[in-house]
Protein chains: 2
Amino acid sequence: METTALRRVTVIGTGVIGTSIALAMRRAGAHVALADRDPAALAQARLMGAGAPLAAGDPPADVVVVATPPSTVAAVLRDAQDRGLGVVYTDVASTKARILAEAELAGCDVSAYVPGHPMAGRELSGPAAAHPDLFEGRPWALCPHPALPAETLRVAAELVRACGARARILAPDQHDRVVAEVSHAPHLVSAALAARFAAADETVLSLAGRGLRDTTRIANGAPVLWCDILEHNADQVAAVLEDVVRDLAEAASALRASGRLRSGSLADLLTRGNQGRRHIADRVA
Amino acid sequence: METTALRRVTVIGTGVIGTSIALAMRRAGAHVALADRDPAALAQARLMGAGAPLAAGDPPADVVVVATPPSTVAAVLRDAQDRGLGVVYTDVASTKARILAEAELAGCDVSAYVPGHPMAGRELSGPAAAHPDLFEGRPWALCPHPALPAETLRVAAELVRACGARARILAPDQHDRVVAEVSHAPHLVSAALAARFAAADETVLSLAGRGLRDTTRIANGAPVLWCDILEHNADQVAAVLEDVVRDLAEAASALRASGRLRSGSLADLLTRGNQGRRHIADRVA
């Protein structure tokens, strides 16, 4: 269990990520204030011991965490800064470059804004699915930009550490390229596989096994949130998907061909698949 | 723990599947004889208590399980029948229609052959990865054909039951269409995703999370075995892959487009992904 030098944290958006951060920071000893435009989500988070509702007279927080969907972050950040809710601000959205640009356009003070992204989700959403251990040992991207003082980045890194996660420092556009590879494109691929079973009959489902179960697990994500994420990282995700499409179309052609041509191409893809899988398994517990 | 009316079972091929069947049948009370052309694999299976090596004077088994790769099944079956190793014969290969045709061509007595396929694998291979619980609650396809007497099918179904699995009865070509959907095409899709990380740099791997880990788990399968499986079911797998390629290419186009056109198409795919995932999760523990 971590303890933290951060005394006050405010979390705006008590979904699964925001509430998990709140629970982790409470456990680490911080005072946590909560806000959500949905009174039911706020009440649920409060009931779980995630913190007290943000009140008008509260002193400014050391860190304000904006844990709302990507398309809302800039406006929520601007509003929070206008209200003087905190000293340092961060967010948890899955894309970074466009949100930083939107924050600049919205007139935010970006020198106090550390773009962040914990690489820990759940297939479930909402505060009831939150858990203080959600970030334990997981990577959490922090994306410094030219306007950001080192001391401000350090405050956000302390939040990450206190949540049990490992800070990874990347530039915003580098972050977006990487998450298109490791998260956004795989999400669409998993959805495309799962979608084939939307109207599957009993015979097909009767042979479904654990391989299919695992391959389609992330297809359970909320479509509205994921459309938002994917639109924010559209070109990067499209580029990865186009590569995957090319590899799979080649595999299909190889299967339609015959003999040595076929097996050479398939064996190459499967062998590279083994190598890639080994790298991933070595890194992700 | 199951007990069984089968007294003698012979397993040819002591890989992960064959050895797991041997362990399950030993536990159920059967005498198990083992054969493998690799002396090390045979010794390992024996060491694990999977049975005794098949000997020249052994009486015929109630069931002979051919647990060798798809392309070898017909020849191994013919040889086993020539040697009078058993009364009923079955196999565990991942494709069925072509193997049945090959067995007929090879001059096997197919009236004693029940094409079978346990839907339980491990990403690990070899006898050391075997476990008697591997089939517990898993589907196990049995594929009757016109030459097969009902009593012969019943003997194979008793093997399935004694292994703790659930027999699913499908025609061979129906089986092949279904496994292309639930297993073979997902394997190639998972391999294509994983292959992108064969040469991934540290930055990319630093943000890899559990979603990517699960989506690529099955990409760990042995390429030689999987080439064999895929070639045996080439047209069915190609047809599924071509559909997946079309869906993903559409998603990429939607991402390259803008506004309402984009989000409508993506939301539809993600929503169908949710539905399909629900059906899969409802069926696979």
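The present account deals with the structure reproduced in this document.

The rules behind these values
- Residue numbers here run from 1 along each chain, matching the order of that chain's written sequence.
- Chain letters and ligand numbers both follow the written order, the letters beginning at A and the numbers at 1.
- In keeping with the model being predicted, local features are shown solely for residues with a pLDDT of at least 70 and side-chain atom pairs are shown and tallied solely at 80 or more, while totals for entire chains, interfaces and linings include all residues.
- As a rule here, side-chain values cover all heavy atoms of the structure and leave hydrogens and water aside.
- We call two residues in contact when some of their heavy atoms are within 4.5 Å.
- Throughout, the accessible surface (probe 1.4 Å) given up by two parts as they are put together, summed over both, is called the buried area.
- Should a side-chain nitrogen of Lys or Arg be within 4 Å of a carboxyl oxygen of Asp or Glu, the pair is scored as a salt bridge.
- Residues adjacent in sequence count toward polar contacts only when both atoms are side-chain atoms; beyond that, a polar contact is any pair of N or O atoms within 3.5 Å, and within protein one must be able to donate a hydrogen and the other to accept it.
- Going along the chain from the N terminus, every DSSP run of H or I of four or more residues is numbered as a helix, and every run of E of two or more is numbered as a strand.
- Residues are grouped as follows: nonpolar covers Ala, Val, Leu, Ile, Met, Phe, Trp, Tyr, Cys and Pro; charged covers Asp, Glu, Lys and Arg; every other residue, Gly included, is treated as polar.
- Buried Ala, Val, Leu, Ile, Met, Phe, Trp, Tyr and Cys residues that are joined via side-chain atoms within 4.5 Å together make up what is termed a nonpolar core.
- Only protein chains enter the accessibility calculation, which uses a 1.4 Å probe. A residue is then buried if its area is under 20% of the maximum for its type, exposed if over 50%, and partly exposed in between.

### Here's the deal with the interface of chain B and chain A
Step number 1: Between chain B and chain A, the residue contacts involve 85 residues of the former and 85 residues of the latter.
Step number 2: Summed over both partners, the interface of chain B with chain A comes to about 8500 Å²; 66% of that surface belongs to carbon and sulfur atoms.
Step number 3: Taken as a group, Arg 196, Leu 207 and Arg 277 of chain B account for 9% of the area that chain B buries against chain A, more than any other trio of residues on that side.
Step number 4: Along the contact surface separating chain B from chain A lie 12 salt bridges.
Step number 5: Residue Glu 202 of chain B is joined to Arg 283 of chain A by a salt bridge in which the shortest nitrogen-to-oxygen separation is 2.8 Å.
Step number 6: Connecting chain B to chain A are 28 residue pairs in polar contact (both at pLDDT 80 or more).
Step number 7: Broken down by secondary-structure element, the contributors of at least two residues to the side of chain B that touches chain A are β8 (139-142), α6 (172-195), α7 (202-206), α8 (210-215), α9 (223-232), α10 (234-256) and α11 (259-283) of chain B.
Step number 8: Looking at the side of chain B that touches chain A, the element that brings in the most residues is α10 of chain B, giving 18 residues.
Step number 9: For the side of chain B that touches chain A, the residue count by class is 48 nonpolar, 18 polar and 19 charged.

### Regarding the environment of Ala 162 of chain A
Residue and element names in this part refer to chain A.
Step number 1: Structurally, Ala 162 is set in helix α5 (residues 150-162).
Step number 2: For the pair formed by Ala 162 and Leu 6, sequence separation is 156 residues and the distance between their alpha carbons is 8.8 Å.
Step number 3: With residues up to four places along the chain from it excluded, the contact list for Ala 162 reads Glu 2, Thr 4, Ala 24, Met 25 and Ala 28.

### Quick word on the nonpolar core
Generally speaking, nonpolar side chains in soluble globular proteins are found buried as a group.
Step number 1: Core analysis: the biggest nonpolar cluster contains 58 residues, and Leu 188 and Leu 241 of chain A together with Leu 188 and Leu 241 of chain B have the highest contact counts within it.
Step number 2: For this core, the secondary structure elements donating two or more residues are α6 (172-195), α9 (223-232), α10 (234-256) and α11 (259-283) of chain A together with α6, α9, α10 and α11 of chain B.
Step number 3: Setting aside residues no more than four positions away along its own chain, Leu 188 of chain B makes contact with Leu 248, Ala 251, Leu 255, Leu 266, Leu 269 and Leu 270 of chain A together with Leu 230, Val 237 and Leu 241 of chain B.

### Section: the pattern of salt bridges
Step number 1: What the rule picks out here adds up to 36 salt bridges over all chains.
Step number 2: Residues Arg 161 of chain A and Glu 158 of chain A are paired through a salt bridge, measuring 2.9 Å at the closest nitrogen-oxygen approach. With a gap of three residues between them, Arg 161 of chain A and Glu 158 of chain A both fall in helix α5, about one helical turn apart.
Step number 3: Residue Glu 158 of chain A is classed as buried on the basis of its relative accessible area, which comes to 16%.
Step number 4: Between Arg 27 of chain B and Asp 133 of chain B there is a salt bridge; the shortest N-O distance is 3.0 Å. One end of the pair, Arg 27 of chain B, is in helix α1 (residues 16-27); the other, Asp 133 of chain B, is in the loop between β7 (116-118) and β8, with 106 residues separating them in the sequence.

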